[in-house]
Amino acid sequence: MHQLIAVLDFGSQYTQVIARRIREASVYSRIYPYHTPAKQLREDGVIGVILSGGPSSVFHPKAPLPDQGIFGLGVPVLGICYGLQLMGRMLGGEVARSERREYGHGNLEVLGKNPLFKGLPRRLRVWNSHGDRLVRLPEGFAAGARTDNSEFACIVDAERRFYGLQFHPEVHHTQNGQQILNNFLRGICGCRGDWSMSDFVEESLRNIREKVGDRRVILGLSGGVDSSVAAVLLHRALGDRLTCIFVDNGLLRKGEREQVIELFGNHFHLNLKVIRAGKRFLDVLKGVTDPERKRKLIGRVFIEVFQDSLRQVGHADFLAQGTLYPDVIESVAIDGNPAALIKSHHNVGGLPKGMKFKLLEPLRELFKDEVRALGSELGLPKEVVWRQPFPGPGLGVRVLGEITPGRLKILREADAVFQEEMLRSGFYYKVWQSFAVLLPVRTVGVMGDERTYEFVIALRVVESADAMTADWVRLPYDLLQTVSSRIINEVKGVNRVVLDISSKPPSTIEWE
Ligand code: XMP
């Protein structure tokens with residue numbers, strides 16, 4: 001039985017980040033709704049409670065309040081931001097409405113002896129985002145730290161082991177934030193820190209089985225990191241009750257369909273349905289040159305093909321998706337609407353009438369790096385776990401202008417040569433993305449004694465942290481030279497290779 005930390009969720013966008021920091025400390029945690037009865041937490045055996053932040057004000061008539069009984073459990077409690085204000089108010093202190101919101105960096109000064117800051121500098125840069133603030137301490141508490149704006153940036157009742165932080169230790173902008181949380185978990189709650197990714201797998205398998213029972217699940221497998229990890233995890237939980245649908249839209253890279261069949265069908269023995277729909281996509285795309293129109297058509301045909309395949313694979317109750325936590329925040333931030341939690345390119349809004357699915361999102365609480373760790377734990381090979389991102393419309397946005405089978409073939413071959421050299425040189429795993437683009441112009445060349453008039457291939461290689469901004473990678477000239485001469489020599493139809501040296505912004509990573 002693992003030691004359990006309860007995170008009571010008051011609606012902060014950082015609640016999942018707190019959970020993630022707890023996992024980073026190798027401690028097991030569970031996120032509970034804020035109103036969970038203390039009795040339930042006692043039955044679950046929690047050894048510490050964290051009250052998350054939240055958008056509400058304690059003065060709001062409908063302010064979310066926890067069960068007062070949590071303060072009688074005899075376990076340490078840490079209130080963060082709104083959590084501190086709640087704790088202060090519920091235990092007899094006074095909170096004042098603030099005219100001015102304290103937002104952004106603050107300089108924290110630690111006061112007295114304070115186990116939360118054990119081993120840390122006495123002055124730290126911390127990150128704030130709050131309106132109201134505590135102005136009078138509840139009985140038994142002392143000030144544990146202050147900032148310029150807040151006398152009670154940290155409050156401490158060492159005897160009852162109640163702590164509050166006005167700032168957010170879970171975000172990166174807070175210096176030593178992870179250590180502050182570690183001090184709470186290890187030093188104050190007595191966590192051993194023996195929880196690992198394999199425990200996460202066990203927990204996930206249990207949850208999936210509990211939720212799905214003996215019903216059936218369908219997953220759209222793209223071969224990217226997220227859907228691959230979701231597929232293998234769900235398969236381990238459900239076996240043949242999972243059906244994966246892989247759509248070959250005719251815009252895949254060289255050998256991609258074969259690799260998916262080999263890995264997921266032959267190696268992992270997934271119940272895999274491969275839909276070869278290349279012709280259907282290419283027919284619709286014939287003569288289309290406008291990038292947005294291409295994207296829209298590819299998206300539309302994908303939904304149609306996927307719907308048809310759903311009819312073929314028979315009844316299922318759940319549709320699984322590899323949604324990650326950052327996708328969830330992004331969607332919330334954009335729409336502010338919980339019903340719109342699914343990103344548009346994952347959209348299931350267009351399902352056939354009468355087909356009602358429940359959504360299953362086993363990776364929903366995880367961040368990208370955690371999904372990769374999970375993939376490795378599940379035995380997925382490095383090539384999949386560390387795969388570069390690939391756009392949904394595939395080579396459709398990399399054959400510029402009109403997409404024809406001939407042009408696709410040229411791009412596929414050129415791209416395969418490029419990836420082979422990127423892998424061989426070790427650069428593939430060091431960059432964010434590296435790919436070839438086919439330009440729909442012909443230029444003059446000379447080969448042997450012959451004049452040639454053929455296509456141009458552009459090489460795009462970028463480094464990036466999140467695809468929002470990117471810079472072009474200065475690959476060694478020798479490597480570029482090898483790639484260029486191999487493409488020109490080996491790929492029929494190309495007589496010139498150029499390098500894209502634009503950053504994002506103002507360019508984008510893809511060319512269309
Ligand atoms: P851009 O070209 O906008 O691309 O700088 C940013 C990142 O997103 C990828 N990308 C897509 N991913 N569906 C996807 O799933 C798409 O339609 C799509 N378009 C671009 C792109 O490869 C880069 O990583």
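All figures in this text were calculated on a predicted structure; none of them were measured in a lab. (Residues numbered from 1 in each chain as written. Predicted model: local features only at pLDDT ≥ 70, side-chain atom pairs only at ≥ 80, totals over all residues. Heavy atoms only, no water.)

*Asks:* What am I meant to see in the pattern of salt bridges here?
*Replies:* Any two side chains of opposite charge can pair, on the condition that their charged atoms come close. Inspection of every chain in the model, using the stated rule, returns 33 salt bridges. When the shortest N-O distance is used, the salt bridge between Glu361 and Arg364 registers 2.5 Å. Taking relative accessible area as the criterion, Glu361 reaches 16% and is therefore assigned buried. Among the ionic contacts, a cluster of salt bridges with common partners joins Arg280, Arg300, Glu304, Asp308 and Arg311. (Salt bridge = Lys/Arg side-chain N within 4 Å of Asp/Glu carboxyl O. Buried < 20%, exposed > 50% of the residue type's maximum accessible area, 1.4 Å probe, protein only.)

*Asks:* Quick question: what am I supposed to make of the pairing of strand β9 (residues 142-146) here?
*Replies:* Regular strands place their side chains on alternate faces of the sheet. Here strand β6 (residues 102-110) runs beside β9; their pairing, made up of 2 bridges, is antiparallel. In the sheet register, Val110 faces β9, and the bridge partner there is Ala145. Across 3 bridges, the pairing between β9 and strand β10 (residues 154-157) is antiparallel. Residue pairing across strands places Ala142 opposite Val156, the latter belonging to β10. (Pairing = 2+ DSSP bridges. Helix = DSSP H or I, 4+ residues; strand = E, 2+ residues; numbered from the N terminus.)

*Asks:* It is not clear to me how the site of the ligand should be interpreted in this structure. Could you clarify?
*Replies:* Contacts to the ligand come from 13 residues, most closely from Arg295, Gln433, Lys504, Ile509 and Glu510. At 2.8 Å, a side-chain N or O of Gln433 approaches an oxygen atom of the ligand. The separation between an oxygen atom of the ligand and a polar side-chain atom of Glu510 is 2.6 Å. Summarising the interface, the protein chains cover 74% of the accessible area of the ligand, which totals 500 Å² for the free molecule. (Near = heavy atom within 4 Å. Polar contact = N/O pair within 3.5 Å; in protein donor to acceptor, adjacent residues only side chain to side chain. Areas by Shrake-Rupley, 256 points an atom, 1.4 Å probe, with all protein chains shown as cover.)

*Asks:* In this structure, what is going on with the packing of helix α8 (residues 278-285) against helix α9 (residues 291-313)? I would like to understand it.
*Replies:* Where α8 meets α9, the closest approach of the two axes is 10 Å, and the angle between their N-to-C directions is 145°. The handedness of the crossing between α8 and α9 is right-handed. Taken together, the residues of α9 that come into contact with α8 (itself represented by Arg280, Phe281, Val284 and Leu285) are Lys294, Leu297, Ile298, Arg300, Val301, Phe302, Glu304, Val305 and Asp308. (Axes fitted to C-alpha atoms, helices over the stretch in contact; angles between N-to-C directions. Left-handed = near helix turned anticlockwise from the far one by under 90°. Contact = heavy atoms within 4.5 Å.)

*Asks:* Would you explain the nonpolar core in this entry?
*Replies:* A general feature of soluble globular proteins is that nonpolar side chains tend to end up buried together. Core analysis: the largest hydrophobic core is formed by 71 residues, its most contacted members being Leu41, Val49, Phe71, Phe264, Leu363, Leu374 and Leu380. Of all the elements, helix α6 (residues 225-238) adds the most residues to this core, at 9 residues. Two domains each put at least three residues into this core: domain 1 (4-188) and domain 2 (197-385). Aside from chain neighbours lying at most four places away, what touches Leu374 is Met197, Phe200, Val201, Val229, Leu233, Leu363 and Leu366. Ile245, Leu297, Leu319 and Ala414 belong to the second-largest nonpolar core, a separate cluster that totals 47 residues. (Core = buried A, V, L, I, M, F, W, Y, C linked by side-chain atoms within 4.5 Å. Domains from an automatic or database assignment.)

*Asks:* How should I be thinking about the domain arrangement of the protein chain in this particular structure?
*Replies:* A common measure of how large an interface is: the accessible area buried when the components associate. As far as domains go, the protein chain holds domain 1 (4-188), domain 2 (197-385) and domain 3 (398-499). Using C-alpha coordinates to define each centre, domain 1 is positioned 52 Å away from domain 3.

*Asks:* Is there a simple way to explain the sheet that holds strand β4 (residues 77-80) in this structure?
*Replies:* Think of a sheet as strands paired side by side through backbone hydrogen bonds, with each pair either parallel or antiparallel. Across the sheet, 9 strands lie side by side as β2-β1-β3-β4-β11-β10-β9-β6-β7; this open sheet has mixed pairing. The sheet is open, and its two edges are formed by β2 (28-33) and β7 (123-130), each paired on a single side. Strand-to-strand, the axes of this sheet are offset by a mean angle of 25°, without reference to chain direction. Along the sheet, helix α3 (residues 82-90) makes contact with β3 (46-51), β4, β7, β10 and β11 (162-165), crossing β4 at roughly 120°.

*Asks:* Teacher, can you tell me more about helix α5 (residues 197-212) here?
*Replies:* Helical periodicity: at 3.6 residues per turn, an α-helix aligns residues three or four positions apart in one direction. Helix length check: α5, at 16 residues, gives a terminal C-alpha distance of 22 Å against a target of 22 Å (1.5 Å per residue), a fit within 8%. Taken together, the buried positions of α5 are Met197, Asp199, Phe200, Val201, Glu203, Ser204, Leu205, Ile208 and Val212. The secondary structure elements touched by the buried residues of α5 are β2, β12 (217-220), α6, β15 (318-320), β16 (358-360) and α11 (368-377). The first or second residue beyond α5 is Gly213, which carries a positive phi of 60°. (Expected span 1.5 Å × (residues − 1).)

*Asks:* Quick question: what am I supposed to make of the environment of Leu479 here?
*Replies:* Here Leu479 lies in helix α14 (residues 477-490). For Leu479, a relative accessible area of 9% gives the class buried. The spatial distance from the C-alpha of Leu479 to the C-alpha of Phe427 is 9.8 Å, given a sequence separation of 52 residues. Discounting chain neighbours no more than four positions away, the residues touching Leu479 are Glu421, Met422, Ser425 and Phe427.

*Asks:* Sorry if this is basic, but what is going on with the confidence of the model for the protein chain here?
*Replies:* Any segment with low pLDDT has predicted coordinates that should not be analysed in fine detail. Scored by pLDDT, the protein chain has a mean of 92; 94% of the residues are at 70 or more. Low pLDDT (under 50) marks residues 332-350, which in the prediction has 22 contacts with non-local residues, meaning those over four places away or in another chain. (pLDDT = per-residue confidence, 0-100.)

*Asks:* Would you explain the packing of α5 against α11 in this entry?
*Replies:* Working note: a packed helix pair is described by the angle between its axes plus the distance between those axes. The N-to-C vectors of α5 and α11 enclose an angle of 85°; their axes lie 10 Å apart at closest approach. It follows from the interaxial angle that α5 and α11 lie roughly perpendicular. Along its contact with α5, which presents Met197, Ser198, Phe200 and Val201, the element α11 presents Glu370, Ala373, Leu374 and Glu377. In terms of residue class, the contact of α5 with α11 is made up of 5 nonpolar, 1 polar and 2 charged. (Parallel < 35°, antiparallel > 145°, perpendicular 65-115°, else oblique. Nonpolar A, V, L, I, M, F, W, Y, C, P; charged D, E, K, R; others polar.)

*Asks:* For this particular structure, what's the right way to read the environment of Val483?
*Replies:* Tracing the chain through its elements places Val483 in helix α14. Along the chain, Val483 and Glu420 lie 63 residues apart, while their C-alpha atoms are 9.1 Å from each other. Leaving out residues up to four positions away in the same chain, Val483 has contacts with Val417, Phe418, Glu421 and Leu459.

*Asks:* Looking at this structure, how should I read the environment of Phe246?
*Replies:* Mapped onto the elements, Phe246 comes out in strand β13 (residues 242-248). The sequence separation of Phe246 and Arg146 amounts to 100 residues, and the corresponding C-alpha distance is 56 Å. Excluding anything up to four places from it in sequence, Phe246 contacts Leu221, Ser222, Leu252, Arg257, Val260, Leu272, Lys273, Val274 and Ile275.

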